[in-house]
Every structure is written in structure tokens, then in C-alpha cells.
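So the chains spell out like this:
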Amino acid sequence: MTDADLLARRFEEQRPRLRAVAHRMLGSAAEADDAVQDAWLRLNRADVTGIDNLPGWLTTTVGRVCLDRLRSAGHRHEETVDEVGEEPSTGPEPEQEALLAERVGHALQVVLTTLGPTERLVFVLHDMFAVSFEEIAPVVDRSAPAVRQIAGRARRRVQRSSADPVTDPARQRRVVEAFLAASRDGRFDDLVTLLDPHVVLREDEAAVRMGGSAEVRGSSAVAGFFNGRARTALPAWVDGAAGAVVVLDGRIRLALSFTVTDRIIGIEVVADPAQLADLDLEVAG
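Here we summarise the structure given alongside this text. Note that this is a predicted model, so its numbers are computed, not measured. (Residues numbered from 1 in each chain as written. Predicted model: local features only at pLDDT ≥ 70, side-chain atom pairs only at ≥ 80, totals over all residues. Heavy atoms only, no water.)

## Considering the packing of aromatic side chains
This is how it is decided: A pair of Phe, Tyr and Trp rings is counted when the ring centres sit within 6.5 Å of each other, with Trp represented by its six-membered ring. The angle between the planes then sorts it: under 30 degrees is stacked, over 60 is edge-to-face, the rest tilted. Here a helix means four or more residues in a row that DSSP labels H or I, a strand means two or more in a row labelled E, and each is numbered from the N terminus. Only protein chains enter the accessibility calculation, which uses a 1.4 Å probe; a residue whose area is less than 20% of its type maximum is buried, one above 50% is exposed, and one in between is partly exposed. Two thresholds decide whether a charge sits over a ring: the Lys NZ or Arg CZ must be within 6 Å of the ring centre and within 35 degrees of the ring normal.
Within the structure shown, the criterion is met by four aromatic pairs. Ring plane angle 75° and centroid distance 5.2 Å describe the contact between Phe179 and Phe226, whose orientation is recorded as edge-to-face. Of this pair, Phe179 sits in helix α9 (residues 169–185) while Phe226 sits in helix α12 (residues 219–226); the two residues are 47 residues apart in sequence, bridging distant segments of the chain. The exposure class assigned to Phe226 is buried, which follows from its relative accessible area of 6%. An aromatic cluster is built from Phe179, Phe225, Phe226 and Phe258, whose rings are joined through pairwise contacts. Geometry around Phe225 places Arg229 over its ring, the cationic atom sitting 4.2 Å from the centre.

## Let's talk about the packing of helix α6 (residues 117–128) against helix α7 (residues 133–140)
To describe two helices that pack against each other, one gives the angle between their axes and the distance between the axes. Spelled out, the test is: Note on definitions: angles span 0 to 180 degrees between N-to-C directions of axes, and those axes are lines fitted to C-alpha atoms, for helices only across the stretch in contact. These descriptions rest on fixed angle ranges, namely under 35 degrees for roughly parallel, over 145 for roughly antiparallel, 65 to 115 for roughly perpendicular, and the rest for oblique. Crossing handedness is defined as follows: a turn of the near helix away from the far one that is anticlockwise and smaller than a right angle gives a left-handed crossing, while the clockwise case is right-handed. Any two residues having at least one pair of non-hydrogen atoms within 4.5 Å are treated as being in contact. Each residue is assigned to one class: nonpolar for Ala, Val, Leu, Ile, Met, Phe, Trp, Tyr, Cys and Pro, charged for Asp, Glu, Lys and Arg, and polar for all the others, Gly among them.
With their axes 10 Å apart at the nearest point, α6 and α7 run at an angle of 155° to one another. Regarding the angle of α6 to α7, the classification is roughly antiparallel. When the axes of α6 and α7 are compared, the crossing they make is right-handed. Residue-level contacts link Thr118, Leu121, Val122, Leu125 and His126 of α6 to Phe133, Ile136, Val139 and Val140 of α7. Among the residues forming the contact of α6 with α7, the class breakdown is seven nonpolar, two polar and no charged.

This is the structure we're talking about:
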């Protein structure tokens, strides 16, 4: 098998995820397929030896393509909202259900009709696909803290306008509270059940120095990391998302934000005091 054949195979493995990202951005199956094809052309022109994380590179590239299309003159996304009821499909995809468990419904219509291009990109990539703020930042030419603020603003707008269970903050809080309880009690199997198979845990440098890990992937590994560890964590709202905080000596030392669709697909841990100060934190009553 040639290098070109291997690259094409790896791209095809990512196609369902890329199509889903583009569909949620553009609201049109046809435009989503065009955006994915554009990403393939960009991949063929790129120096692949410098790409360490191909799925991440492809996801952010598709996001950039969609953002360019949304910003282009004459693009009228309002005309495509009637197409969002069906997910584009080319037949059974083994990874699709695991990667894209959330439904496409009223919540997506809210995203399409109420969020501007940048807010839409940040919301889709982070809240639906657990792409980190650091990865999104260069796509929208903003700093990671600024992207976090955009995500919080977009999240609150979607929550106010949507009745879909996927984006219901009360439901997301119940999932997070169940996760924290299972973590405190050391119920490993329950933790795995609450986590998406492809869940990603990311911690900042300050959290890593406190004994964390920069990145952990997969439900078993993340469940093992949290098993028996959340004894001092309190449920909280973190930038409008269901999360948790760890309070020591009357000060918040850690903040955990969760990306929840049907299960938890992303967890971010912040321990840096400066970043904690920038977060909108509210301990849940």
C-alpha cells in the first residue's frame, strides 16, 4: 500500500465525523459534503509529516472551511434549516454512533439560526465534538481564554432557546452529578457507562503539576483516572456548563467543565489561578 493509499484510508475513517461537523456548521448535507471534499484537497496539499494528530487537524480544517463559507458574501444559512432533520449518511458507519451520539433536532436549528459564524464554530467544535479551546483558537484567530468566553456565551444562548434534552443544562447537571457520585464511591463500571468511548480528559499545566495528566483518552482510562478521586468535588456551573469545583481552605483550587451529549465526551480541568479568575464559576445549590 502506498503512502497516498494509506492517507486516503485514514481520511475515509474520519469522513463520518467530518461530515457531521460540517453538517452542524452549515445545516446542509450537500454543503457539508463539499466542505469535507475541500478538507481532503487541503490535506493533499499539506506536508503530512508535520501533522501529529490527523483527526484533530482534519476536524479544525473542516471547521475553518465552514467558517470561511459562513463568512463569505451571499451565504444564507437561513435557507438550509429545513434540511437539518436528517443526518447525512452513506450507509452504516461503525464508528458513527460512538463518535456522534447526540441527536440532530431542535438544538441544531437553534445553532443555525441564533449563533453567528464564530460562535457557531466554537459551539459545534467544543460542545458537540470536545475539541479543545487551544485547538480552536488559531482557527478563529483568538486566544484560548477568549474562545472559552465565546463558548460560554454561545452555550447560554442555545440553552435559552432550545428545549432539546441534549442541551438541557438540568439534564447535563444530572449526568455530571452521577459521574461525581460514581467517582467518589469508586464505582468504575458506572463511570465507564457515563463516559463516551472516545471521551477526552484534558488538564492544564497547573493541574498536571498537582498530579494530573495532560491528556487521557478513552472511557476506561478516564474512568480509571477518576475512580475514587472526586471526594472533595462539588457540583458547579463553569461558564454556563455543568461542571464541578474543588474547594480547599475556602478557595477554589480546581474547576472541571464537562461536555455532555448523551454521555460525557470531554472533561477539562483548570487549576491555573489566573485562568480560574477568568472563569464564571457558581457552586450549584
